[in-house]
Amino acid sequence: MINEKLKQIKSGKLSAKQNIRNFLDIIGKKNKDINAFLHLNPDALADAEEIDKKIKSGFKGKLAGLAIALKSNISAIGMPVTCASKTLKNYTGTFDADIVKKIRQEGGIIIGMLNMDEFACGISGETSSFGPIINPRCPSIVPGGSSSGSAAAVAAGLCDIALGSDTGGSIRNPASNCGICGIKPSYGRVSRYGLLDLSMSLDQIGPMCSDVYGCALMLEVISGKSQKDPMAFSTPVEKYSKIEPTGKIRVGISPEAEKLCLDSRIKTIVEKKLSSFIKKTSSEKKPVALKYIDLAVQSYYPIVFVEFFSGTRKFDGRKYGLKIEGSCGEEVLRRISAGKEMSKAEHKGKFYRKALQVRDLIKSDFDKAFEKTDIIVMPVTPSLPQKPGSKITPEESYAFDALTIPASLAGICAGVVPAGEIQGIPIGIQIIAPAFREKLLINAMSEFSKLE
Ligand code: GLN
């Protein structure tokens, strides 16, 4: 429990240095089997000593003494920011991302850099150039992706809080597979300065932790406007970590989302959790129509292909690492090739524009739904995760995000908490709230996480 740990650190029962040392010990024992960390910060213990000195002289940073791990697409000075790709295998961060600065200001200690699907493309943790990540909660299924190392590190107890990034589900999907909590913030809630792009109009950095409080606290720290990212909104950051009961609210359920979920056992777990929530809070269940969400996957990929192609043009082998086309894996190359084709002048932007039109339809359906509901609840994935090493087609892999992509396209916030298990496989529940209603989202996530 993050809250308990912070109390121990503040009261001097646990030093920051001891906290980091404990994690380094566990990482030393477990990481070779899990492959969650790609790099450990050699200065972590020294940084912790500094924090201990500051705490003694009255420093009250919100994350003081906690071990924080970063997905390898987030820039931090002196750390390898590889995106788990051979393309950037020798690239070292030359500046701190906005969120890293904020974490350090609040006394968080960067313990290391995490493995992931290459350039955040994937759902399995198996497209990394540095070997697959193992699911510590259930090794017979993949850990999910693309923030696979982030979820695995949290689930195996290798850090206090991890940061991931979510473009179409990359925080929510691995959180569900590894039995932890995670939040994809509203687009523009968190600065993207220092995050390497997958798709710049969708990407958001978000927290992953074993409890909702840890996610809330981290989100409170990293949210807010930025001098460097004009798309980060100045909407005031509420005190997310002051978690309150939701009371009676209106919960939307979408028949279209139910249809997209192909496994009745997953549906049953979500329905059961929802019923207990309704009962406990005297809330109201309301059907909402999300008529176009079956087109989410088809519209998401053209957007990602085109934006990813554009974002990767800087990896031409001159300034950063190797030329991407000559060094990346199959999935990354597929996306670059598709993006290159779609961006050709002769197509006059028609694929991208069509996709944006569908995105608008999905967004306006959510807007309408939120006129009569406060949150919407649905499963995280349409089916059970695959076994490690299974061969699935790109289409099958893309289809796995059918239930997480809609909230991404709408730019709204969504979180996952554990909801149950199917034959030992952890299953999460997805809670979705309107843009910039993270406080409501977190209160609801906390309530859901406490249900029997
Ligand atoms: N699985 C999706 C993709 O490969 C989502 C990735 C993400 O959210 N970063 O694009």
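Remember, it's a predicted structure, so these values are computed and weren't measured experimentally.

Student: Sorry if this is basic, but what is going on with the site of the ligand here?
Tutor: Residues in close proximity to the ligand total 15 residues, the closest being Thr167, Gly168, Ser170, Arg335 and Asp401. Between an oxygen atom of the ligand and a side-chain N or O atom of Arg335, the distance comes to 2.7 Å. Its free accessible area being 290 Å², the ligand has 99% of it covered by the protein chains. In terms of residue class, the shell around the ligand is built from six nonpolar, six polar and three charged.

Student: Explain the sheet that holds strand β9 (residues 375-379) here, please?
Tutor: The strands making up a sheet are joined through hydrogen bonds of the backbone, oriented either antiparallel or parallel. Here 11 strands make up an open sheet; going across it, the order is β1-β3-β2-β4-β6-β5-β10-β11-β9-β7-β8 and the pairing mixed. The two strands at the open ends of the sheet, each matched to only one other strand, are β1 (37-40) and β8 (284-287). Each strand of the sheet is rotated relative to its neighbour by a mean of 30°, with strand direction disregarded. In the sheet, strand β7 (residues 250-253) pairs with β9 via two bridges, with the strands oriented parallel. Following the sheet pairing, Val251 is matched in β9 by Ile375.

Student: Explain the pattern of salt bridges to me, please; I cannot follow it from the model alone.
Tutor: Where charged atoms from two side chains of opposite charge approach closely, those side chains can pair. Under the criterion given, the structure shown has 25 salt bridges. With a shortest N-O distance of 3.4 Å, Lys280 and Glu447 are connected by a salt bridge. With Lys280 in helix α9 (residues 264-281) and Glu447 in helix α16 (residues 438-449), this residue pair connects regions lying 167 residues apart in the sequence. Taking relative accessible area as the criterion, Lys280 reaches 48% and is therefore assigned partly exposed. For Lys344, the salt bridge goes to Glu341, with nearest N and O atoms at 2.8 Å. Assessed through its relative accessible area of 35%, Glu341 is described here as partly exposed. A single network of salt bridges, built from pairs that share partners, joins Glu330, Glu331, Arg334 and Arg335.

Student: Any chance you could explain the packing of helix α4 (residues 98-105) against helix α7 (residues 212-222) here in plain terms?
Tutor: A pair of packed helices is characterised by two quantities: the angle between their axes and the separation of those axes. Running from amino to carboxyl end, α4 crosses α7 at an angle of 110°, the nearest separation of the two axes being 8 Å. Considering the angle they form, α4 stands roughly perpendicular to α7. Every pair of crossing elements has a handedness; the one defined by α4 and α7 is right-handed. Here Ile99, Lys102 and Ile103 of α4 lie close against α7, whose contacting residues are Met218, Val221 and Ile222. Within the contact of α4 with α7, the residues separate by chemical class into five nonpolar, no polar and one charged.

Reading guide: rules and limits
- Residues numbered from 1 in each chain as written.
- Predicted model: local features only at pLDDT ≥ 70, side-chain atom pairs only at ≥ 80, totals over all residues.
- Heavy atoms only, no water.
- Near = heavy atom within 4 Å.
- Polar contact = N/O pair within 3.5 Å; in protein donor to acceptor, adjacent residues only side chain to side chain.
- Areas by Shrake-Rupley, 256 points an atom, 1.4 Å probe, with all protein chains shown as cover.
- Nonpolar A, V, L, I, M, F, W, Y, C, P; charged D, E, K, R; others polar.
- Pairing = 2+ DSSP bridges.
- Helix = DSSP H or I, 4+ residues; strand = E, 2+ residues; numbered from the N terminus.
- Axes fitted to C-alpha atoms, helices over the stretch in contact; angles between N-to-C directions.
- Salt bridge = Lys/Arg side-chain N within 4 Å of Asp/Glu carboxyl O.
- Buried < 20%, exposed > 50% of the residue type's maximum accessible area, 1.4 Å probe, protein only.
- Parallel < 35°, antiparallel > 145°, perpendicular 65-115°, else oblique.
- Left-handed = near helix turned anticlockwise from the far one by under 90°.
- Contact = heavy atoms within 4.5 Å.

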